[in-house]
There are 2 protein chains.
Amino acid sequence: MSTVEPLLAALERGGYQRTEPRRLVATMVAQHDGHFTAPELVRESRRRGLPVGRATIFRALDVFLALGLVERLDLPDGEHAYVLCEPTHHHHVVCQRCGRTAEVDDDRGLRTVVQEIEQHTGYAIDTHRVELFGTCPSCQAQEAGPAGRAR
Amino acid sequence: MSTVEPLLAALERGGYQRTEPRRLVATMVAQHDGHFTAPELVRESRRRGLPVGRATIFRALDVFLALGLVERLDLPDGEHAYVLCEPTHHHHVVCQRCGRTAEVDDDRGLRTVVQEIEQHTGYAIDTHRVELFGTCPSCQAQEAGPAGRAR
DNA sequence: GTTTTTGCAAACCATTTGCAGGGTC
DNA sequence: GACCCTGCAAATGGTTTGCAAAAAC
């Protein structure tokens, strides 16, 4: 969970207005440390009584996406989710248990693989999407035994 | 473009019935060499006057997916597409121009990268999805000049 | 004859859009 | 005051489902 400030600052830097509804969406986004979907935010805003319309949430997410503050993930079941992230990194490891994500900065090995693939296939690759799914350390610990006993 | 036979054979092997509607869907699938979406098949079946209902197409694709005959792709724009593929390979390079795909069998380099990521992040990774987008050789040639002149 | 499949239409749910009113710079 | 942003409600599409009839084993 992070703060909203950086998000709002990025809005202004990008030439977007710093409005109340966007601040509310930013707050919800910042409070998730795992991934979340647009409909989830919509439900959450209703539950918490936040004055933001459905369309605004979708539109705000688009803006955040355009600014690179958030990234789109496609979960294994086909759902479209988002994660808050650094504007530079590009891949995520997603925990299938709790939804938490970690960023993967090791682009070096990947870049090599992509080059090899270009040579093998003859395709000129300009973007790639890599999503990794597994279990995060903390969920692994729980699975080993809720009593705290190591596996 | 491939034949329907292998698809139908796989159906039986998997304990599913070899029915007419499924054969029709298999035919459409086999005739695409790029990716396709469920709604696309629905439209195609109507255009060609094939007697298959919408729901049946969705259900047939689910069966093919379960059998590993087809794989699900998430295009950069978020669309859910499918590609016909070998039951063993797992990644695709997708041409953004014509939609054609090539399979990537080089899992070796990737496996190494995944292991490194596991060590860095502490996550236990059990599945990964890799999708590569670019331009296929034949579209590259066209881009260089439709007259056939080499770049 | 029993079990699968199918088709249809309706239901569902995510996402987008038109437009009038409100907020921000 | 001009332009950007929002909310609402309706439209749009993809996907699923209930159920009775039809096909397959």
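Enquirer: Requested: an account of the nonpolar core, with residues and values cited.
Expert: Membership of the largest hydrophobic core comes to 28 residues, with the highest contact counts inside it found for Val93 and Leu132 of chain A together with Val93 and Leu132 of chain B. For this core, the secondary structure elements donating two or more residues are strand S3 (91-95), strand S4 (101-104), helix H5 (108-121) and strand S5 (124-135) of chain A together with strand S3 (91-95), strand S4 (101-104), helix H5 (108-121) and strand S5 (124-135) of chain B. Residues within four places of Val93 of chain B in sequence aside, it is in contact with Ile117, Thr121, Tyr123 and Ile125 of chain A together with Arg100, Thr101, Ala102, Val104 and Leu132 of chain B.

Enquirer: If you had to explain the interface of chain B and chain A to someone new, which residues and values would you point to?
Expert: Every contact between the two is made by 38 residues of chain B and, on the other side, 38 residues of chain A. Overall, the association of chain B and chain A removes approximately 3100 Å² of surface from exposure, summing both partners, and the carbon and sulfur fraction of that is 59%. Looking only at chain B, the three residues that lose the most surface to chain A are Tyr123, Arg129 and Leu132 of chain B, adding up to 23% of its buried area. Arg129 of chain A is the partner of Glu131 of chain B in a salt bridge, and the nearest nitrogen-oxygen pair spans 3.4 Å. Where the side of chain B that touches chain A is concerned, the elements lending two or more residues are S3, S4, H5, S5 and helix H6 (137-144) of chain B. Counting residues per element, the side of chain B that touches chain A draws most heavily on S5 of chain B, which supplies 12 residues.

Enquirer: Can you break down the relation of the copies chain B and chain A residue by residue, with the values?
Expert: With an axial shift of 0.0 Å and an RMSD of 0.1 Å, the rotation relating chain B to chain A amounts to 179 degrees. In the structure described here, the two chain copies are related by an operation that fits a two-fold rotation axis. The position closest to the rotation axis in chain B is occupied by the C-alpha of Val130 of chain B, lying 2.3 Å away.

Enquirer: How would you summarise the domain arrangement of chain A if you had to cite specific residues and measurements?
Expert: Residues and elements named next belong to chain A. Considered domain by domain, chain A is made up of domain 1 (1-87) and domain 2 (88-151). Placing a centre on the C-alpha atoms of domain 1 and another on those of domain 2 gives a separation of 22 Å. Taken together, the contact pairs 14 residues of domain 1 with 13 residues of domain 2. With both sides pooled, the region where domain 1 packs onto domain 2 buries about 1100 Å², and carbon together with sulfur makes up 50% of that total. Of all residues in domain 1, Glu71, Leu73 and Asp74 bury the most surface against domain 2, accounting for 35% of the area lost on that side.

Enquirer: I'd love a proper account of the protein's contact with DNA strand C, names of residues and values included.
Expert: Residues in close proximity to DNA strand C total 20 residues, the closest being Thr19, Pro51, Gly53, Thr56 and Arg59 of chain B. Sugar plus phosphate, as a fraction of atoms of DNA strand C within 4 Å of the protein: 69%. Within the backbone of Gln17 of chain B, an N or O atom sits 3.4 Å from a phosphate oxygen of DNA strand C. One of the side-chain N or O atoms of Arg59 of chain B is found 2.8 Å from a base nitrogen in DNA strand C. Elements that contribute at least two residues to the surface near DNA strand C include exactly helix H3 (38-47) and helix H4 (54-66) of chain A together with helix H2 (20-31) and helix H4 (54-66) of chain B. Here the residues of the surface near DNA strand C sort into nine nonpolar, six polar and five charged.

So, how was this worked out
Residues numbered from 1 in each chain as written. Chains lettered and ligands numbered in written order. Predicted model: local features only at pLDDT ≥ 70, side-chain atom pairs only at ≥ 80, totals over all residues. Heavy atoms only, no water. Core = buried A, V, L, I, M, F, W, Y, C linked by side-chain atoms within 4.5 Å. Buried < 20%, exposed > 50% of the residue type's maximum accessible area, 1.4 Å probe, protein only. Helix = DSSP H or I, 4+ residues; strand = E, 2+ residues; numbered from the N terminus. Contact = heavy atoms within 4.5 Å. Buried area = accessible area lost by both parts, 1.4 Å probe. Salt bridge = Lys/Arg side-chain N within 4 Å of Asp/Glu carboxyl O. Least-squares fit on C-alpha atoms with pLDDT ≥ 70 in both. Domains from an automatic or database assignment. Near = heavy atom within 4 Å. Polar contact = N/O pair within 3.5 Å; in protein donor to acceptor, adjacent residues only side chain to side chain. Nonpolar A, V, L, I, M, F, W, Y, C, P; charged D, E, K, R; others polar.

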